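Chain residues, written in single-letter form:
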Amino acid sequence: MDGKYRKDIYPGLEVAIILKKDQRTGKHTEGVVKDILTSASFHSRGIKVRLEDGQVGRVAALLG
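Keep in mind that this is a model prediction, so the values were computed, not measured.

Enquirer: How should the environment of Arg 45 be read in this particular structure?
Expert: Counting through the fold element by element, Arg 45 comes out in the loop between strand 2 (29-36) and strand 3 (48-51). Arg 45 gets classed as exposed once you look at its relative accessible area, which sits at 59%. Measuring from C-alpha to C-alpha, the distance between Arg 45 and Val 59 comes to 8.1 Å, with 14 residues separating the pair along the chain. The contacts of Arg 45, once residues within four sequence positions are left out, are Arg 58 and Val 59.

Now the structure itself:
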């Protein structure tokens, strides 16, 4: 599953995100969702989240 729909994402979920600095390379960073930052129900490039370690990026894949 990808992370384009807000309904699929919730705090505590393990995800792979793409950080702003990694958008060109597509490198994924894994972590656990702390906050959902996108208010819309759908975003074509992925829902923006903050991980528990403070990193912010768009969800590329749901892992857990």
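Enquirer: I tried to follow the packing of aromatic side chains on my own but got confused; where do I start?
Expert: The description of two aromatic rings rests on the distance between their centres and on the angle between their planes. Counted under the stated rule, the structure contains one aromatic pair. With centroids separated by 4.9 Å and ring planes inclined at 50°, the aromatic side chains of Tyr 5 and Phe 42 adopt a geometry described as tilted. Of this pair, Tyr 5 sits in the segment before strand 1 (14-19) while Phe 42 sits in the loop between strand 2 and strand 3, and the two are 37 residues apart along the sequence. Taking the relative accessible area as the measure of exposure, Tyr 5 reaches 39% and is therefore partly exposed. Among the residues examined, Phe 42 registers a relative accessible area of 38% and is labelled partly exposed.

Enquirer: Looking at this model, I keep getting lost on the pairing of strand 2. Mind explaining?
Expert: Looking down a regular strand, the side chains alternate between one sheet face and the other. Alignment of strand 1 against strand 2, held across four bridges, turns out to be antiparallel. Residue Glu 14 lies in a different strand from strand 2, and its bridge partner there is Val 32.

Scoring rules and cut-offs
- Residues numbered from 1 in each chain as written.
- Predicted model: local features only at pLDDT ≥ 70, side-chain atom pairs only at ≥ 80, totals over all residues.
- Heavy atoms only, no water.
- Helix = DSSP H or I, 4+ residues; strand = E, 2+ residues; numbered from the N terminus.
- Buried < 20%, exposed > 50% of the residue type's maximum accessible area, 1.4 Å probe, protein only.
- Contact = heavy atoms within 4.5 Å.
- Phe/Tyr/Trp six-rings, centres within 6.5 Å; stacked < 30°, edge-to-face > 60°.
- Pairing = 2+ DSSP bridges.

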